[in-house]
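# Structural characterization, general
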Amino acid sequence: INAQYMGIHQSKMIWRIVLPLSILLFVSRCDPALVIEVAREGLTTPKTTHIARNQGLNLTEYNDTLSEYGRQQQYLVGLEMRVRYNSSVFNGECNPLNIFGYSVSKESIMLSGQVHLFGICPLGSNKNITADLVEKSYPPFDFPTKRKIGEELGLFATPYNFLPLPLHSTYNDPVFGAEESDQHPIPMPDLPGSPEEAALDAAFKTSLYKYIAKLTGKNVKEYSAHSIYDTVQEFLSLAQMKKLDSVKRSKIEEAQSFIHKYFKFYWKKDSKKQYAAMFFNELIQKFKNAVAIKLNPLLEKEVPIIVTIEQPDYDKTKIKYFLYEIGDLQMYTYANVLKIADSQYIPPSSVLIFELHKTCELDKHMTLEKAMGCFKVDIKFNDADAKGRFCDSTCKLDSFYTKAKAYFGDLLKAQLKPVLTHHSLTSIY
């Protein structure tokens, strides 16, 4: 990997991580036409502090935000994506026109997306300022530290040549904020008092609930599945951050099992399909656009590139990598629809990756639908290959699309309206 973009002259630690990974991950294969990464947010600080208060713990961070552990998780995942796709997708550089980051509009998830992008374009990714423009790049007003900091930066545009990338988000989101969207109103699940909650209570009350009650100092009779959920998440966060003493692995696994089953019961079947259909509409349209971009140079009349949630003025033909930073509900829903990780807890910073590969030559007589047969979808969940509900043995794109339509029915025909997006950037260094 080109040292200019890894910042080797500024950060030997990064290079020690990247070089061994680049050797291990080098494989000879065709380059993806498109990569879509769906990432669950990193480990967050607890939403509740019932356990922390009862155990006399002093948490140094705000509640329900990305923890320092989560920040490291997201940075390392982003760095892994940089190594994995450095030559095949990113062409050894960081070009903001090639990478599109998108996030659920929630603080901890947006922070996860920002650190994730920092891993994809780590220290040293920015371009230097030319020597003749150094002083001309100073702000147009004076302040005491301007010249001192400018001298320290030298030819660097930012400290360590950090390159900020835009992260896009909306409040009324047609893909991720489905329950809040006027376009796609979905009834939220009604877990309290339901048979599903009764089944969870029967399975966990005498063991996990009793253990959590001991940690919080509360009466176990106060707890049911919906009322204890946030506290179980607090326990898992504190356990992973090593804030609790003598936690047995069996208790962590039981808490993870509770969270997994909670999400399995979260959506009724029809609501789950309706919620997931909005993302798969987006995913399949991205695939179709990628095929059209490859096919159009051969055609007299181009296939239109359909914009969904990007800015209308964004150059769709240059985007090679999409990052969707999402929460636990979305990750469980999409994985469940795909029949991936059906029987396991999905930890923070898990990733679901879709790669689109061209498998045969295109010609000018092909329609878009015919050309889709010349592409296949490779799906990876964390570090394992996955197939999922919509894949056969080859997972050709036309077959993937057919199976998705059969599963979602009319839900997959709904066109998402273009939505203006907000950029959200933060200083990471």
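Residues numbered from 1 in each chain as written. Predicted model: local features only at pLDDT ≥ 70, side-chain atom pairs only at ≥ 80, totals over all residues. Heavy atoms only, no water.

## Comments concerning the overall build of the protein chain
- Scanning the protein chain for helices and strands turns up 13 helices and 8 strands.
- Considering only contacts in the protein chain between residues 6 or more positions apart, those separated by 24 or more positions represent 75%.
- Only carbon and sulfur atoms are counted for the fraction: they give 53% of the accessible area of the protein chain, which is about 20700 Å². (Helix = DSSP H or I, 4+ residues; strand = E, 2+ residues; numbered from the N terminus. Contact = heavy atoms within 4.5 Å. Areas by Shrake-Rupley, 256 points an atom, 1.4 Å probe, with all protein chains shown as cover.)

## A look at the nonpolar core
- Counting 91 residues, the largest nonpolar core has Phe235, Phe258, Phe280, Phe287, Phe354, Phe400 and Phe408 as its most contacted members.
- For this core, the element with the highest residue contribution is helix α10 (residues 269-295), accounting for 12 residues.
- Phenylalanine 235 has contacts with Ile51, Tyr211, Ile212, Leu215, Leu244, Val247, Lys251, Ile252 and Ala255, leaving out every residue within four places of it along the chain.
- Listed in part, the 20 residues of the second largest apolar core include Val35, Val89, Leu117 and Leu323. (Core = buried A, V, L, I, M, F, W, Y, C linked by side-chain atoms within 4.5 Å. Buried < 20%, exposed > 50% of the residue type's maximum accessible area, 1.4 Å probe, protein only.)

## Focus: the state of the cysteines
- Within this structure, the stated rule accounts for 3 disulfides.
- Here cysteine 360 pairs with cysteine 374 through a disulfide, and the sulfurs are 1.8 Å apart. The S-S bond linking cysteine 360 to cysteine 374 shows a torsion near -100°; that makes this disulfide left-handed. On the criterion of sequence distance, the pair formed by cysteine 360 in the loop between β5 (351-358) and α12 (368-372) and cysteine 374 in the loop between α12 and β6 (375-381) is long-range, its members being 14 residues apart.
- Relative accessible area serves as the criterion here: at 30%, cysteine 360 is assigned to the partly exposed category.
- Assigning the bonded cysteines of the protein chain consecutive numbers by sequence position, one obtains the connectivity 1-2, 3-4, 5-6. (Disulfide = S-S within 2.5 Å.)

## Comments concerning the packing of helix α8 (residues 225-240) against helix α9 (residues 249-266)
- Put simply, α8 and α9 touch, their axes get as near as 10 Å, and they point 135° apart. By the angle between their axes, α8 is oblique relative to α9. Helix-helix and strand crossings are classified by hand; for α8 and α9 the assignment is left-handed. Between α8 and α9, the contacting residues are Ala225, His226, Ile228, Tyr229, Val232, Gln233, Phe235, Leu236 and Ala239 on the first element and Lys251, Ile252, Ala255, Gln256, Phe258, Ile259, Tyr262 and Phe263 on the second.
- Residue classes in the contact of α8 with α9 are distributed as 13 nonpolar, 3 polar and 1 charged. (Axes fitted to C-alpha atoms, helices over the stretch in contact; angles between N-to-C directions. Parallel < 35°, antiparallel > 145°, perpendicular 65-115°, else oblique. Left-handed = near helix turned anticlockwise from the far one by under 90°. Nonpolar A, V, L, I, M, F, W, Y, C, P; charged D, E, K, R; others polar.)

## Considering the pairing of strand β4 (residues 321-326)
- In terms of residue burial, β4 counts as a mostly covered element, since 6 of its 6 residues are buried.
- What you see with β4 is no split at all: Tyr321, Leu323 and Glu325 on one side and Phe322, Tyr324 and Ile326 on the other are buried throughout.
- Two elements, strand β1 (residues 34-40) and β4, share 6 bridges in a ladder whose sense is parallel. Its bridge partner being in β4, arginine 40 is matched across the sheet by isoleucine 326.
- Of the pairings in the sheet, the one linking strand β2 (residues 99-103) to β4 comprises 5 bridges and is parallel in character. Counterpart to tyrosine 102 in the pairing with β4 is tyrosine 324. (Pairing = 2+ DSSP bridges.)

## Topic: helix α13 (residues 397-408)
- Its 12 residues give α13 an end-to-end C-alpha distance of 16 Å, which sits within 8% of 16 Å, the value for a rise of 1.5 Å per residue.
- Positive backbone phi, at 65°, marks glycine 409, one or two positions downstream of α13. (Expected span 1.5 Å × (residues − 1).)

## What about the pattern of salt bridges?
- If you walk through the whole model with that rule in mind, you get 8 salt bridges.
- Between arginine 40 and aspartate 328 there is a salt bridge, with its nearest N and O atoms 3.8 Å apart. You can see arginine 40 sitting in strand β1 and its partner aspartate 328 sitting in helix α11 (residues 328-338), a full 288 residues away along the chain. Exposure class is identical for arginine 40 and aspartate 328. Each is buried.
- Between glutamate 253 and arginine 249 there is a salt bridge whose closest N-O contact spans 3.5 Å. On the criterion of helical spacing, the pair formed by glutamate 253 and arginine 249 is a turn pair, its members being 4 residues apart in helix α9.
- Of the residues examined, glutamate 253 reaches a relative accessible area of 43% and is grouped as partly exposed. (Salt bridge = Lys/Arg side-chain N within 4 Å of Asp/Glu carboxyl O.)

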